Amino acid sequence: MPIQLFDSLERKLKPLAPSHPDGVYRFYNCGPTVYAAAHIGNFRTFVVNDVLRRLLELEFPGKVVHVRNLTDVDDKTIKRARDEGRSLNEVTKQWTDKFHADCDALNCLRPHVEPTATGHIAEQVDMIDVLMKKGNAYRAADGSVYFKVSSFDGYGRLSRVKERELQVGTALLHKSQAVDADEKEDATDFALWKAHKTEDGANSWDSPWGPGRPGWHIECSAMSKKHLGDTIDLHTGGEDLLFPHHENEIAQSECCNGTLFAHHWYHSKHLLVDGAKMSKSLGNLYTLDDLKAKGFSPMALRYALLVGHPRKQLNFTLEGLHAAESALKSLRNFRTGLSSGDAGVFAPVFAALHDDLNTPGALGALFTIVNRGPAGVDAATFDRVMLALGLNLKASESPKADAPAEITALADKRWAAKNAKDWAAADALRKELTALGWNMKDAKDGYTLEPLKK
RNA sequence: GGUGCGGUAGCCAAGUGGUAAGGCCGAGCUCUGCAAAAGCUCUAUUCGGCGGUUCGAUUCCGCCCCGCACCUCCA
């Protein structure tokens, strides 16, 4: 069964297949802006894309090229650098490293190519130059270059923005007109090149239109073109990117290249936290480190992010993270009882994944197998399921914390009391340990200590 | 105002024109001196409301109620 995935543009399920004669599947996924630690909402998108990547590699072994960019110059990165009195490069390096570390912890495969915006200035300038020459762009008085939306008939196909504009209460339109009326010919035109402003500081590059920096949208068009060619097979991102980012990418790329940009568009939905949109003011914005500090493993987060269908909003809760930890533990226990056996029982799991990346359906099918017991279930195929989902069971175990000496001393005392069958003393010591936040697990010939969950 | 998505057990969440997967929590049991761990068992006559189509609808259609997201740089 081929992988079927919803296409945001045609709004239907379409099978995934390479469109180029070389059989290489070209996959572009919009990456992060590296100005702060990514939050779990960001990671939902990256984890979903990672499962997609893994499925593609199982389907087209050795023939997948996955490109994911890093946005390392924009208003936010520049502001951060300015606020901290550091260079743009220092700031973006720090958060790029952090992003990589978090992705590794979440068992997300690194993309085959991870291009940066600042590393592709020339490619972006070249594209803008073509757009200027073809009449799809114009230079404003201040040296900025804008894309002329009216020059591209296909504009709005992805997001149906034209339908929107017809009936817009025009409040938003007025707002954007007020801001940009001086420079843009039309409110819907967007920046390809932003003329240098004083607050940009040293972050400026030369161009035929004067010093400045590239607009946000052009970077993906340029990097996609450079690393995957004019036409790619799949372009993905979070739902918020559908408009304007992806709409603008299509316009830029198709006008510049004169050919279809992407065969397939896929957008994953956003994450809610405790039923509300994540925001700093609500105090419900979590990073991976926040959750680690609460004692959760990164793998539990990965699992929790896969519990909902990628094309539905998912409500993240701490309770859900607990559920994820427990579910992972069940999978670990189940795995230890496995040897070789029937690989076919896992077919429903893969069928669910191939059917529009239905991860909750796949997990449900998986636990249906788990509940039938390990007899005759094939270990290697189970492992392949874990590989597809990117669940590293080994890494999901809670890190073994070493108990401090005072705790060990108490535990030793209790162990001695227990062996002396002094139950009263033993129970009192157990209580004491519990109060100190440690659970003492008795085994046949010794004990282990583990910290209680916060 | 426009566009799109959704409302399924205490929480999270699949799914189907033919009578509700799964996870968590909870309860009971087994095993343990106790506890934990592990294992077993149980837990929605019901799928936002009202109509309609149908032999039959949670699943299709209509209306209504509620929630959420996007609408220029937020994954």
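Predicted, not measured: the structure shown is a model, and the values here were computed from it.

Rules and cut-offs
Residues numbered from 1 in each chain as written. Chains lettered and ligands numbered in written order. Predicted model: local features only at pLDDT ≥ 70, side-chain atom pairs only at ≥ 80, totals over all residues. Heavy atoms only, no water. Pairing = 2+ DSSP bridges. Helix = DSSP H or I, 4+ residues; strand = E, 2+ residues; numbered from the N terminus. Axes fitted to C-alpha atoms, helices over the stretch in contact; angles between N-to-C directions. Parallel < 35°, antiparallel > 145°, perpendicular 65-115°, else oblique. Left-handed = near helix turned anticlockwise from the far one by under 90°. Contact = heavy atoms within 4.5 Å. Nonpolar A, V, L, I, M, F, W, Y, C, P; charged D, E, K, R; others polar. Near = heavy atom within 4 Å. Polar contact = N/O pair within 3.5 Å; in protein donor to acceptor, adjacent residues only side chain to side chain.

**A closer look at the sheet that holds strand β12 (residues 276–277)**
The three strands lie next to each other as β12-β11-β13, forming an open sheet whose pairing is mixed. Two strands bound the open sheet, and with one partner strand each, they are β12 and β13 (314–316). Sheet analysis places strand β11 (residues 271–273) next to β13, joined by three bridges and oriented parallel. Note on β13: the bridge partner recorded for Leu272 is Asn315.

**Things to note about the packing of helix α11 (residues 318–336) against helix α14 (residues 379–389)**
Between α11 and α14, whose axes approach to 10 Å, the crossing angle comes to 155°. On the basis of their axis angle, the class for α11 and α14 is roughly antiparallel. Crossing geometry of α11 relative to α14 is assigned as left-handed. On α14, the residues that touch Leu331, Phe334 and Arg335 of α11 are Ala379, Phe382, Asp383 and Met386. A per-class count over the contact of α11 with α14 returns five nonpolar, no polar and two charged.

**Considering the pairing of strand β1 (residues 4–7)**
Both β1 and strand β2 (residues 12–15) contribute to a ladder of four bridges, which runs antiparallel. Across the sheet, the residue bridging to Phe6 is Leu13, located in β2. Between β1 and β2, which pair antiparallel in sequence order, lie four residues; one of them, Arg11, sits at a positive phi of approximately 55°.

**Remarks on the protein's contact with RNA strand B**
Around RNA strand B, the structure places 57 residues, and the nearest of them are Lys76, Lys194, Gly238, Lys277 and Asp442. By atom count, sugar and phosphate contribute 62% of the portion of RNA strand B lying within 4 Å of the protein. In this structure, a sugar or linking oxygen belonging to RNA strand B sits 3.3 Å away from a side-chain N or O atom of Glu239. The separation between a base oxygen of RNA strand B and a polar side-chain atom of Arg414 is 2.9 Å. Broken down by element, the residue count for the surface near RNA strand B peaks at seven residues, all from α11.

Scope: geometric values only; no functional claims are made or implied.
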